[in-house]
Amino acid sequence: MSVEKKLQDTAQQLLDHAMAAGATSADVVATRSTDFEVKVCDGKIVTLTEAVAKGIGLRVFVDKQLGFCLTSDFRNDTLKDVAQTAVDLAKESADDPHNGLPDAEAEFSTDLELDLYDADIPALSTEEKIRMAHTLEEAARATDPRVKKFRDSGVSSGEASSVMLSSKGVQRQISGTGISLWCNPIAESDGQLQTEVWYDSRTHLEDLESPESVGRTAAQRAARMLGAKPVKTQNVPIILEPHIAAGFVCSMIGAMDGDMVFKKASFLADKLDSTIAVPGLSLIDDPHMTRGTGSAPFDGEGFATYRKELLAAGTLKTFLYDTYTARKAGKTANASAKRSAR
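As a starting point, this report considers the structure included with it. This one's a predicted model, so the numbers in the text were calculated from it and none came from an experiment.

1. Focus on the pattern of salt bridges
Then step 1. For the structure shown, the criterion picks out 18 salt bridges.
Then step 2. Put simply, Asp144 and Arg146 hold a salt bridge, and the shortest N to O gap is 3.0 Å.
Then step 3. With a shortest N-O distance of 3.5 Å, Arg221 and Glu196 are connected by a salt bridge. Of this pair, Arg221 sits in helix H5 (residues 211-223) while Glu196 sits in the loop between strand E6 (192-195) and strand E7 (198-202), and the two are 25 residues apart along the sequence.
Then step 4. Classification of Arg221 by relative accessible area gives buried; the value is 6%.
Then step 5. Exposure remark for Glu196: the relative accessible area of 17% places this residue in the buried category.

Pasting the structure below:
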């Protein structure tokens, strides 16, 4: 039996127990993942970990009261206890008129193919991943003689499967893989130390930058910092590297969270349809990028994801809502819910 089928059967068991225990409605998320990481430093293995984790989370509503319970024990007796506990917690919680599963049926198409799983990643041996980690350092050392030490370098990989069921008939499942490389060298010259990092992360092994390339780039970035000095305070154009620019984008997206906006805790709360950036800046939320590390066919409530224009030529176009937040704000949910077993 496949991992997904086992998760689906377990989720259905828990959902049935919840409804029998007195839930008005409920949903379940069950997950299983395998994670590996090896870190090396100066030619020696610092840490090596491999773990398998599983969990199942139950959210129940008793009318407008909410209860939640989580377990990693998938035995039937435990699932019964989890269901009863969640219902008991709901009955003791405060009534909230915005609680409940989505009113509309979660639309979803199975035609979308995002290609998020690569069997070559779980097939990689531990020995090969250790070799890749050492190659990162070897390549960095060979690139510049001033690279003599390392904070760490490493490889991490994993695969995960997730299943979601609800009492309204929603059934979703997704599986994916991932692998990452990073190298963090220290360059030294005339008593000065400079460190930098380079990395790559992909869902498919064949798309991953080679360990040799990652190590070389990391060494070049560390060595170029030697002799760096501050500049005078001045008004000048600034060019940001992509990963630095992404940090600014992330903070902006956080401010688009519908709950933060509703609470007036976002600096963008009153800026909808206003110009907040230069005309050359647009932001697109595209969860359908093939092999994308952040791609997903559905959100945390089972709604089909879709391409959203967040910022168009500097103008703020939308905020991000799940069902609960949308109800509070008097808006419409836009497939932006987050949910895990926890």
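2. Details of the pairing of strand E3 (residues 65-71)
Then step 1. Across the two faces of E3 the burial differs, with Gln65, Gly67, Cys69 and Thr71 buried and Leu66, Phe68 and Leu70 not buried at all.
Then step 2. When strand E2 (residues 44-62) meets E3, the two strands line up antiparallel, connected through 7 bridges. Bridge assignment links Leu58 to a residue of E3, and that residue is Cys69.
Then step 3. Where E2 folds back on E3, the antiparallel hairpin that results is connected by 2 residues, among which Asp63 adopts a positive phi of roughly 60°.

3. Things to note about the environment of Ala277
Then step 1. Considering the arrangement of structural elements, one finds Ala277 in the loop between helix H7 (258-262) and strand E8 (283-285).
Then step 2. Residues Ala277 and Gly314, spaced 37 residues apart in sequence, show a C-alpha to C-alpha distance of 4.3 Å.
Then step 3. Residues within four places of Ala277 in sequence aside, it is in contact with Leu311 and Gly314.

4. Section: the sheet that holds strand E9 (residues 308-312)
Then step 1. Pairing within the open sheet is antiparallel, and its 3 strands lie in the order E8-E9-E10. On the outer flanks of this sheet lie E8 and strand E10 (315-316), each paired with one strand and no other.
Then step 2. By the bridge criterion, 3 bridges tie E8 to E9 in an arrangement that is antiparallel. Of the residues in E9, the one forming a bridge with Leu283 is Leu311.

5. What about the environment of Val46?
Then step 1. On the secondary structure map, Val46 appears in strand E2.
Then step 2. Along the primary structure Val46 and Ser213 are separated by 167 residues, whereas in three dimensions their C-alpha atoms are 22 Å apart.
Then step 3. Ignoring any residue separated from it by four or fewer positions in sequence, one finds Val46 in contact with Lys39, Val40 and Cys41.

6. Examining the packing of aromatic side chains
Then step 1. Taken as a whole, this structure holds 1 aromatic pair when the rule is applied.
Then step 2. Aromatic pair Trp198 and Tyr199: ring centres 6.2 Å apart, planes at 40°, arrangement tilted.
Then step 3. Given the relative accessible area of 24%, Trp198 is considered partly exposed.
Then step 4. Note that Lys54 overlies the ring of Phe74, its terminal NZ or CZ placed 4.5 Å from the centroid.
Then step 5. Positioned above the aromatic ring of Phe36, the side-chain terminus of Lys129 is 4.0 Å from the ring centre.

Rules of the game
- Residues numbered from 1 in each chain as written.
- Predicted model: local features only at pLDDT ≥ 70, side-chain atom pairs only at ≥ 80, totals over all residues.
- Heavy atoms only, no water.
- Salt bridge = Lys/Arg side-chain N within 4 Å of Asp/Glu carboxyl O.
- Helix = DSSP H or I, 4+ residues; strand = E, 2+ residues; numbered from the N terminus.
- Buried < 20%, exposed > 50% of the residue type's maximum accessible area, 1.4 Å probe, protein only.
- Pairing = 2+ DSSP bridges.
- Contact = heavy atoms within 4.5 Å.
- Phe/Tyr/Trp six-rings, centres within 6.5 Å; stacked < 30°, edge-to-face > 60°.
- Lys NZ or Arg CZ within 6 Å of the ring centre and 35° of its normal.

As far as function goes, none of this settles anything; it's purely spatial.
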